[in-house]
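This is what each chain is made of:
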Amino acid sequence: MILTDSPLNALSFWSARLRNVTCTWHEQATIGDDLVATLTESTASRVVLAFRNTKQGVTHGEAVASRLTQAGLEVLALTFPANRDANDVLLRSGPARSSCSSKNGSRALALR
């Protein structure tokens, strides 16, 4: 499951044919009890965070990751270029040319 920090970014993944996507609400990037319950009760065992690569986005992502980890989910995080998010990257490069990679087996992924 991909979890973004805004509806627009979730729609960007959807447009790139990645259908298992949902979002938090942008400014607070909070995750409600109902979404945590839905994720833990679903077949999803892993959540990929796709938050904007800013200080605020990283801080919010860490808080959400902590909450989801405590709920028993595996959490990975996409790393976008500085000050970018999914919509920025997918608009610039298009879904066919975007790539994900994991550096040195880390739990973080980079989307370029």
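Everything below is about the structure printed above this text.
Draft legend 1. Just the overall build of the chain, in detail. A tally of helices and strands in the chain yields 4 helices and 6 strands. Counting from the amino terminus, helix and strand elements in the chain follow one another as β-α-β-α-β-α-β-α-β-β. The proportion of buried residues among the 112 residues of the chain is 39%.

Draft legend 2. A look at the packing of aromatic side chains. Scanning the entire structure with this criterion turns up 0 aromatic pairs. If you follow R19 out to its NZ or CZ, it ends over the ring of W14, 4.3 Å from the centre.

Draft legend 3. The pairing of strand β3 (residues 46-50), seen in detail. Taking burial as the measure, the 5 residues of β3 include 4 buried ones, the bulk of the element. Summarising the sheet, strand β1 (residues 2-4) and β3 pair through 3 bridges and their orientation is parallel. Counterpart to I2 in the pairing with β3 is V48. Pairing between β3 and strand β4 (residues 74-79): 4 bridges, direction parallel. Paired with L49 across the bridge in β4 is A77. In terms of handedness, the path from β3 via helix α3 (residues 55-70) over to β4 forms a crossover that is right-handed.

Draft legend 4. Structural detail: helix α1 (residues 7-15). Those residues of α1 lying buried are N9, A10, S12 and F13. Relative to the axis of α1, the buried residues are bounded by an arc of 155° and lie together on one face. Every exposed residue of α1 that faces more than 90 degrees away from the buried side is listed here: L11 and S15. Tucked inside the fold, the buried residues of α1 contact β1, β2 (21-23), β3, β4 and α4 (86-93).

Draft legend 5. Here's a closer look at the packing of α1 against α4. As a packed pair, α1 and α4 sit with axes 8 Å apart at the nearest point and diverge in direction by 40°. Seen from above, α1 lies across α4 with left-handed handedness. Facing α1, whose interface residues are L8, N9, S12 and F13, α4 presents A86, N87 and L90. A class-by-class count of the residues in the contact of α1 with α4 yields 4 nonpolar, 3 polar and no charged.

Criteria and cut-off values
Residues numbered from 1 in each chain as written. Predicted model: local features only at pLDDT ≥ 70, side-chain atom pairs only at ≥ 80, totals over all residues. Heavy atoms only, no water. Helix = DSSP H or I, 4+ residues; strand = E, 2+ residues; numbered from the N terminus. Buried < 20%, exposed > 50% of the residue type's maximum accessible area, 1.4 Å probe, protein only. Phe/Tyr/Trp six-rings, centres within 6.5 Å; stacked < 30°, edge-to-face > 60°. Lys NZ or Arg CZ within 6 Å of the ring centre and 35° of its normal. Pairing = 2+ DSSP bridges. Right-handed = clockwise from strand over helix to strand, strands pointing away. Arc of directions from axis to C-beta. Contact = heavy atoms within 4.5 Å. Axes fitted to C-alpha atoms, helices over the stretch in contact; angles between N-to-C directions. Left-handed = near helix turned anticlockwise from the far one by under 90°. Nonpolar A, V, L, I, M, F, W, Y, C, P; charged D, E, K, R; others polar.

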